[in-house]
Amino acid sequence: MYDVIVIGCGVVGAATAYRLARYRLRVAVLEACNDVANGTTKANSAIIHAGYDPEPGTLMAALNVEGNRMTAEICRKLDVPFRRCGSLVVGFTPADRAMLETLYQRGVANGVPELSLLSGEEVHTLEPALSPEVCGALLAPTAGIIDPWGFALAMIETAVQNGVELHRSCPVTAITALPEGNFRLSTPKGSFETRCVINAAGVDADRVHRLLEPIHWKMTPNRGEYYLLDKSEGSLVDHVIFQCPGPEGKGVLVSPTVHGNLIAGPNAEPVTDRLDLGNTADGLNFVRARALKSVPGIHFRQNIRNFSGIRANTDQGDFLIGASPNHPGFIDLAGIKSPGLSSAPAIGKRAAELVAEAGLPLEEKAEFLDERHVVRFRHLSPEEKNALIAKDPRYGRVICRCETITEGEIVDALHGPVPACTVNGVKRRCNAGMGRCQGGFCGPRVQEIIARELGVPPTEILLEQEGSWLLACETKQPKEGSGHV
Amino acid sequence: MYELIVIGGGPAGLAAACKAWEEGLRHILVLERDQELGGILNQCIHNGFGLQRFKEELTGPEYAGRFIGMLQKTGVEVRLDTMALQIVPGQDGAPHQVHAVNGKNGYQVLETRAVVLAMGCRERTRGAISIPGERPAGIFTAGAAQRYLNIEGYMVGRRVIILGSGDIGLIMARRMTLEGAKVLACVELLPYSSGLTRNIVQCLNDYDIPLYLSHTITDIRGHNRVEQVTVSEVGPDRRPIPGTEMVFDCDTVLLSVGLLPENELTRGAGIDIDPRTSGAKVYENMETAVPGIFACGNVLHVHDLVDYVSAESERAGAAAAAYVKTGREEAALRTIALQNGEGITYTVPQQIRLEARPRPAEVFFRVNRVTGAAALVAEDAAGREVARFRRGHLAPGEMEHIVLPAAALQDAASPLTIRMEEVSQ
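These figures come from a predicted structure and were not determined experimentally.

1. Remarks on helix α5 (residues 167-178) of chain B
All names here are of chain B. Here α5 spans 17 Å end to end across twelve residues, near enough to the 16 Å set by a 1.5 Å rise per residue. All of the buried residues along α5 are G169, L170, I171, M172, A173, R174, R175 and M176. Buried residues belonging to α5 abut α4 (142-152), β11 (154-155), β12 (159-163), β13 (182-187), α6 (197-204) and β18 (252-255). Positive backbone phi, approximately 105°, marks G180, located one or two places after α5.

Written out as structure tokens, the structure is:
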């Protein structure tokens, strides 16, 4: 019998597991995909919002502002790339200026520190690449940029290091309410019994809850498309540049990334197929046009990748966080739309409180390992590089030339507490293949290392999920019935 | 302290190092990031290399082998599996620094009088052209697929669409077919192929693979592996024409949509890049604006034939040797800038230094469209025609090359414009 089972290992599930890992509880996380953080967490704007957007009084407002503070602390402890670069919401018209004033007031009400309204002149001094049409801005110095995937990984790895079980490729197919308020979860890997269930299933949170009982809310998945540009464009702006929110959402942003690239997006388009992460010509054209409105000098020729992500939007105005009225041990962390990433650590903390309310005592462990270190060869000094290579020459072999990622770092990714098992899993952990050639050169060498380290034939290596094979067969494979018998 | 460090052990680096040795340098180091010399030639196992250079049809590995053999007869030092990470140009005649790393020597800062940049190029990817659709497995650049097939021994798929008609894509159409795959189509955005005519004939026509000119991929479907690709015709504005969609069931898309000189080290060293070539700006001897740093081969501009890479790199190697032995060559009397005029997309070199001893200058460039009979004209700033060259046929897929006579250059007023004139039959 588990005390808590978390369903879903996106950033919210990971933050919850990380929070629960400090208490004397038996906790497992069940993730449907073959790797963690494979949904909304891997494809979003990668922004830690300051917290002036949500209406005061909402869960979103409270958790965003608290989550922003907590994120900085966690990233420091767990070695996650995060930079408080600040954000600017820019305005083009008098109506926009009125909106900036509203956002400012909202931010103050939400407790966002250090907000200020800037004149056109002030904002152009701060960001010379902005369009001359920009006539004012809201500056929020506490906003930041993050590696959202790395954030989720860091939290689940730390949870695992502290005794939380993680089961990947483990979708929950049925939930049965047992007597005494417990639950049985059925999965292809067997069934799990638990006192408490936390539903952190992202865009599938509705489906997971319906396995137990009918729900009164509706998931309205919404897709956003992005451009990710080469590092040559990465210093075009220093802040996250938002436009004034309108009926179409928060609008298209332009921002540096923690990896040194430039990101532009998203649009917002309702979708029915939650697995359709496609890009569309119309969507990309929209993003490009809107991004150029804020920052006219973006060289979209330097684009290295387009992607899209699905927002876990619902027909409700706020996050849906709380226990089911009929089943006090079943806790929803659902409808985690923007600012979900920014709120994640605070949501995890709230989840732990709900576990306590469900009757499980939160006793802190005597020993909780709350640190983590990642080797990033490219960021080391020449002396540190040499010391590392002397210890293990694999850190001297650069495999990914665009991002300067060494064999040692790829091997680390394959043998961490939550090890990579796919090409994209390696890419997200150590950035091999993330650069301008998009794995054109290092792809075959990364696969060779995966095959060697995991002891699998290259033809069985996947890019991502089951079915995403990369190599059809060996060449000159004799056909049955031909050649020597 | 080295006299010369060559960055890259592909065809360009090999030729430059051999030539510099021949010209008398004795402290030469070649840095190669792969585990063997030869660069991309190693995976080009088809023939057709060396017709200009050796008057023979060699395969890529054979062509590379000739130069590796030459290099092995010299005392040039080679470091394999070694990545050059940074170049710091020396100021006022001080040595240049090359930062490099490998597992054996660790992270080292090497000093040298001269540097030859010979890092080659990379393929443009899906992102560079923003192909709409999903992002399943099964989308490869043609060169990556070629490496899997010819070096690693794996087929990347069984039913293939090729986007772009660059030479690597065409070669891979034939190669995948010979290995048992079905290549359904080669799709080219432009109204003409960017590959060599001989490759269209020998790799597509001979295998009945249709070439759709003025078409592009407008959608890719498949959550996990490519399942379906939509191809649409494009209008003169290169935008898809609604209603022209063709749907192919396939598991693989190969991209052959252009090559880009790989100049991150060059940019990092503060060397000026020509936006037309995406390579360094160079003088007639392949020297960049930084004295003692030279560039050649596909890192400078994308070539059609490796034979021309070798020739250009030998010029760079010889010039690097001259630089090391004599310092700056005799001071230039004056400099003539070259610019591309009607029908021409770029020129290499970008500038010619005239010295007391008159010398002819070789100029390389590409045209922007397919033509019949045409003339290539060099015209100076005063509107005087200083040279004219007749051609029976011109195509963007083929690199053009003229030699400006020494006498013509002596009196030419800078800048000199190279343009194309179509000759009406």
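2. Overview of the domain arrangement of chain A
Residue and element names in this part refer to chain A. Along its sequence, chain A is organised into domain 1 (1-81 + 144-219 + 312-373), domain 2 (87-141 + 222-311) and domain 3 (377-460). Each of domain 2 and domain 3 was reduced to a C-alpha centroid, and the two centroids are 32 Å apart. Contacts between the two partners involve five residues from domain 2, matched on the other side by seven residues from domain 3. Considering only the side of domain 2, the residues that lose the most area to domain 3 are K231, H259 and I304, jointly responsible for 62% of the buried surface there. Put simply, domain 2 and domain 3 have two salt bridges between them. The partner of E403 in a salt bridge is K231, with the nearest N and O atoms 2.7 Å apart. Counted by class, the side of domain 2 that touches domain 3 contains one nonpolar, one polar and three charged residues.

3. Quick notes on the packing of aromatic side chains
For the structure shown, the criterion picks out eleven aromatic pairs over all chains. Here the aromatic rings of Y227(A) and F300(A) are separated by 4.7 Å at their centres, their planes lie at 65°, and the arrangement is edge-to-face. Here Y227(A) is found in strand β13 (residues 222-229), whereas its partner F300(A) is found in the loop between α7 (281-294) and β18 (303-311), with 73 residues between them in sequence. On the accessibility criterion, Y227(A) (1% relative accessible area) is buried. Taking 5.5 Å as the distance between ring centres and 70° as the angle between the ring planes, the aromatic pair formed by F54(B) and Y63(B) counts as edge-to-face. Among the aromatic side chains, those forming a connected cluster through ring pairs are F54(B), Y63(B) and F67(B).

4. With respect to the sheet that holds strand β10 (residues 139-141) of chain B
Residue and element names in this part refer to chain B. Strand order across the open sheet formed by five strands is β10-β18-β12-β13-β14, with parallel pairing between neighbours. The open sheet has two edge strands, β10 and β14 (211-212), and neither has a second partner. Direction of pairing for β12 relative to β13: parallel, over a ladder of five bridges. Paired with L163 across the bridge in β13 is V187.

5. Structural notes on the interface of chain B and chain A
Taken together, the contacts link 45 residues of chain B with 52 residues of chain A. If you sort the residues of chain B by the area they bury against chain A, Y107(B), R135(B) and Y154(B) come out on top, with a joint share of 17%. Where chain B packs against chain A, one counts five salt bridges. For the salt bridge of E264(B) with R436(A), the shortest nitrogen-to-oxygen distance reads 3.4 Å. Linking chain B with chain A are 20 residue pairs in polar contact (both at pLDDT 80 or more), by the criterion used here. Looking at the side of chain B that touches chain A, the elements that each hand over two or more residues are β6 (83-88), β7 (96-102), β8 (106-117), β9 (121-123), α3 (126-129), β10, α4 and β11 of chain B. No other element matches α4(B), which puts five residues into the side of chain B that touches chain A. For the side of chain B that touches chain A, the per-class residue count stands at 17 nonpolar, 14 polar and 14 charged.

Basis of the calculations
- Residues numbered from 1 in each chain as written.
- Chains lettered and ligands numbered in written order.
- Predicted model: local features only at pLDDT ≥ 70, side-chain atom pairs only at ≥ 80, totals over all residues.
- Heavy atoms only, no water.
- Helix = DSSP H or I, 4+ residues; strand = E, 2+ residues; numbered from the N terminus.
- Expected span 1.5 Å × (residues − 1).
- Buried < 20%, exposed > 50% of the residue type's maximum accessible area, 1.4 Å probe, protein only.
- Contact = heavy atoms within 4.5 Å.
- Domains from an automatic or database assignment.
- Buried area = accessible area lost by both parts, 1.4 Å probe.
- Salt bridge = Lys/Arg side-chain N within 4 Å of Asp/Glu carboxyl O.
- Nonpolar A, V, L, I, M, F, W, Y, C, P; charged D, E, K, R; others polar.
- Phe/Tyr/Trp six-rings, centres within 6.5 Å; stacked < 30°, edge-to-face > 60°.
- Pairing = 2+ DSSP bridges.
- Polar contact = N/O pair within 3.5 Å; in protein donor to acceptor, adjacent residues only side chain to side chain.

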